[in-house]
Amino acid sequence: MIEASRNRVILDELVELYEKECIKELETVKKDIVDIFKDVLDNNKNKYDLIFTNSVYKGEYYKFSSRVKSKESISEKLVRSSDLLYLIQKYNLTNVGDIQQNKKDIIKFFNSYEDIIGLKIIGELIIDTENIYDLIREKVDEFLTKDINIDGLLPQPIHMKNGLPIYKLKCTYKNIYAFELQFKSQLQSAWGDMEHQLFYKDYNFTPVKSSAQSIMNEVGHLLQSVDNLLYKIRVAESNYQSEEEFSLFTNNIHKAYSEVIKDFLDIPHEQNLISLSHLLYDLYKVFFEDRNAIRELSKTGIDYRFIGFSVEETGVLKNFESIKALNLDIQILEFIILNWLKYLKVYNDDELTYSSSLKYFFNVYQKYICEKYLIPDDDEYYPVIFERILSNVSNKKAFMGAVEFGDIANYYKLSHDLFSDEEESSTLDKDKFNLITVIYAVYKFDKDLEKIRKYIQDVFYEDYTILNSHYEKMKEHIEYIHESDPNLYISYEPFITANKNIINILNEMGSDEE
C-alpha cells in the first residue's frame, strides 16, 4: 500500500510537470505542424481532386482537427500503458526531488511520447481520405525538408476493431516531437468520437460492452454504405455539371468549325470532329479562360496555305507531319489549333510562324498531359521523355491525349523510383534511363516489337546488360508491391507482360551477337 500511495504522488507530480512545462510548448509545435500540412495540401489540392466548386462558393474536401494530450489523458495513459512504472524505474523516482532532478529527461520523454500531439485530416468522404493519403505519400520528401518524418506509409489503411479502415501514421517533428497523423472521413470521425466516448472513456463493465463489438461492426458497415451513397450523389452532380458544359462546348465547336472544315477538306468529317471533342475540350480550358469564346475564335479565320508548309526539324514536328499526312483526325486537330493560335497572335498564316506555332502547341500539350497524370511541373526527365515519345510513335492516339499516357506515367514513376534509389551506383545514365519509358511507350502505342528492337540497338548498341538489369530490378519491385500493396499492384500488372516481351527481344539480340 505504501508503494501504491507513493506511485500516486509521483504520478500527480509528473502530470503537474507536464502541465506546467510541456503543454504550452506542444501547443505551439502543434500549430506549426498543422500549418505545414495545410500548406502542402493547399498547394496540391487541385491535382488530387480535393476541391469543389458549386453555385455558392469554392472549398476543399478536407479540414484539420488537432489536439495536445490533456493532463487527464496523460495521467490515464501513464497508468494504463505502465509507462508510469517505466519512468519510476528508469529514473529511480521516489519523491518530488527525484522528478526535479530528472526534469529535462522527463520533459524530453513527454515530447517524444507516442501521439502526444494528434493531427487529424478529415476528408468529406472516404475517397477524399484516399486522395489525401496519396498526396501525403507522394510528398514525403517535401515533408522531410520541413523537418517532418512520416513512418509506416505501407501498408495503409489499417482496419480498426469496428471494421472501419483508418489511415494512421506515426510521425516526428524536428526529430523531437512525436505526433500521430490520421485521415478519416467526416462520418468515420463522428462515429469514432462517439465510439470512444461510449466504449473507451467509461471503464465500468456492463453486459452491453461484452457484445459491443458486433454492434460496432454493424455501424461501421452502415457508415461505409452511407459514404458510398453520398459519393454517388457527389459524382452524379459533378458529372451532370461537367457533361452539361462538355455538351455545350461540343455543340459550339460543331457550329464554329463544321462548315469551315467542310470547305477545307471537302469530305465528310463529322465523326472525326466528335472523336476529337474531349481533347479539344480539355485543351480549350488550358488555352482560354472564357468558356463562351469558342464561336468568336472561328471568325478569326485561317489561310489554308499551311497545308503545303513543311518543317525542317527532325523529332516531334517531323513525326507529326508524317502521321498527319495519313490521318484525318490529326489534320482537323491541326486546323483548329492553328486557328486558336492565330487568335492568340502566335500564328500569322505564314510559314515563318508555322513551326514555332506547332512547338508552342506541343509545349502546352506536354504540360496538359503532365498535369492530367500528376507528373510534377519541375520533373527534370519527363519533358525529354515526352518529346521522344512523340518523335517515335506511329499511332495517332499519341497526339490525341490518349488514356495510354496514364499507364505510361505510372511506368515512368516506377522507373524513376528505381533509378533514384540506384543512381549513385548505377551505370545507367540519365539519357538511357529516359529511353526505358520511351521503349514502353512505343510498345504501348505501336505494339511494334521490331521497331523497339531497332530503337534499342540505336541507343544501346551491343551493351544490353544495363537494360536487362533494370528490368530485373523492376520485376523484383513489382513482386514486392504485389505482397505489400495489392491495390497498387493492379495498376502495375500490365507492366509485367510488356517487360517480359521487351526482355525477350533483348535476349534475342544477345543471341544474335553470339
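The rules behind the values
Residues numbered from 1 in each chain as written. Predicted model: local features only at pLDDT ≥ 70, side-chain atom pairs only at ≥ 80, totals over all residues. Heavy atoms only, no water. Helix = DSSP H or I, 4+ residues; strand = E, 2+ residues; numbered from the N terminus. Buried < 20%, exposed > 50% of the residue type's maximum accessible area, 1.4 Å probe, protein only. Contact = heavy atoms within 4.5 Å. Areas by Shrake-Rupley, 256 points an atom, 1.4 Å probe, with all protein chains shown as cover. Polar contact = N/O pair within 3.5 Å; in protein donor to acceptor, adjacent residues only side chain to side chain. Axes fitted to C-alpha atoms, helices over the stretch in contact; angles between N-to-C directions. Parallel < 35°, antiparallel > 145°, perpendicular 65-115°, else oblique. Left-handed = near helix turned anticlockwise from the far one by under 90°. Nonpolar A, V, L, I, M, F, W, Y, C, P; charged D, E, K, R; others polar. Salt bridge = Lys/Arg side-chain N within 4 Å of Asp/Glu carboxyl O. Core = buried A, V, L, I, M, F, W, Y, C linked by side-chain atoms within 4.5 Å.

Caption draft 1: Representation of the overall build of the protein within the structure. Regarding its fold elements, the protein presents 22 helices and 8 strands. Out of the 514 residues in the protein, the part that is buried amounts to 46%. Of the contacts formed within the protein by residues at least 6 apart in sequence, a portion of 74% connects residues at least 24 apart. Summing over all exposed atoms, the protein offers an accessible surface of approximately 27200 Å²; the carbon and sulfur share of this is 50%.

Caption draft 2: A look at the side chain of Asp349. Note on placement: Asp349 falls in the loop between α15 (328–343) and α16 (351–372). Side-chain polar atoms of Asp349 contact the side chain of Lys342, separated by 2.5 Å. The residues contacting Asp349, other than those within four sequence positions of it, are Ile302, Asp303, Arg305, Phe309 and Lys342.

Caption draft 3: View of the packing of α16 against helix α17 (residues 382–392). The N-to-C vectors of α16 and α17 enclose an angle of 115°; their axes lie 11 Å apart at closest approach. With respect to α17, the axis of α16 lies roughly perpendicular. Pair α16 / α17 crosses with right-handed handedness. Every residue of α17 that contacts α16 at Phe362, Tyr365, Gln366, Ile369 and Cys370 is listed here: Tyr382, Pro383, Phe386 and Leu390. Within the contact of α16 with α17, the residues separate by chemical class into 8 nonpolar, 1 polar and no charged.

Caption draft 4: Broad picture of the environment of Met160. Along the polypeptide, Met160 turns up in the loop between β6 (158–159) and β7 (165–173). Residues Met160 and Asn217, 57 residues apart in the sequence, show an inter-C-alpha distance of 9.5 Å.

Caption draft 5: Region of the structure containing the pattern of salt bridges. For the coordinates displayed, the defined rule picks out 27 salt bridges. Between Asp115 and Lys77 there is a salt bridge, and its shortest N-O distance comes to 2.9 Å. Pair noted here: Asp115 is in the loop between α6 (103–111) and β4 (117–123) and Lys77 is in helix α3 (residues 71–80), with a separation of 38 residues, a long-range link. Under the relative-accessibility criterion, Asp115 is labelled buried at 12%. The closest approach of N and O atoms between Asp282 and Lys285, which form a salt bridge, is 4.0 Å. Of the two residues, Asp282 and Lys285 are both situated in helix α12 (residues 270–287); the distance of 3 residues between them amounts to about one turn of the helix. Among the ionic contacts, a cluster of salt bridges with common partners joins Arg67, Lys69, Lys77 and Asp115.

Caption draft 6: Representation of the nonpolar core within the structure. Counting 94 residues, the largest nonpolar core has Tyr257, Trp340, Phe362, Tyr365 and Phe405 as its most contacted members. With 10 residues, helix α19 (residues 430–446) is the largest single contributor of residues to this core. Those residues within four positions of Tyr257 in sequence are excluded, and the remaining contacts are Ile294, Leu297, Ser298, Phe335, Ile336, Asn339 and Trp340.

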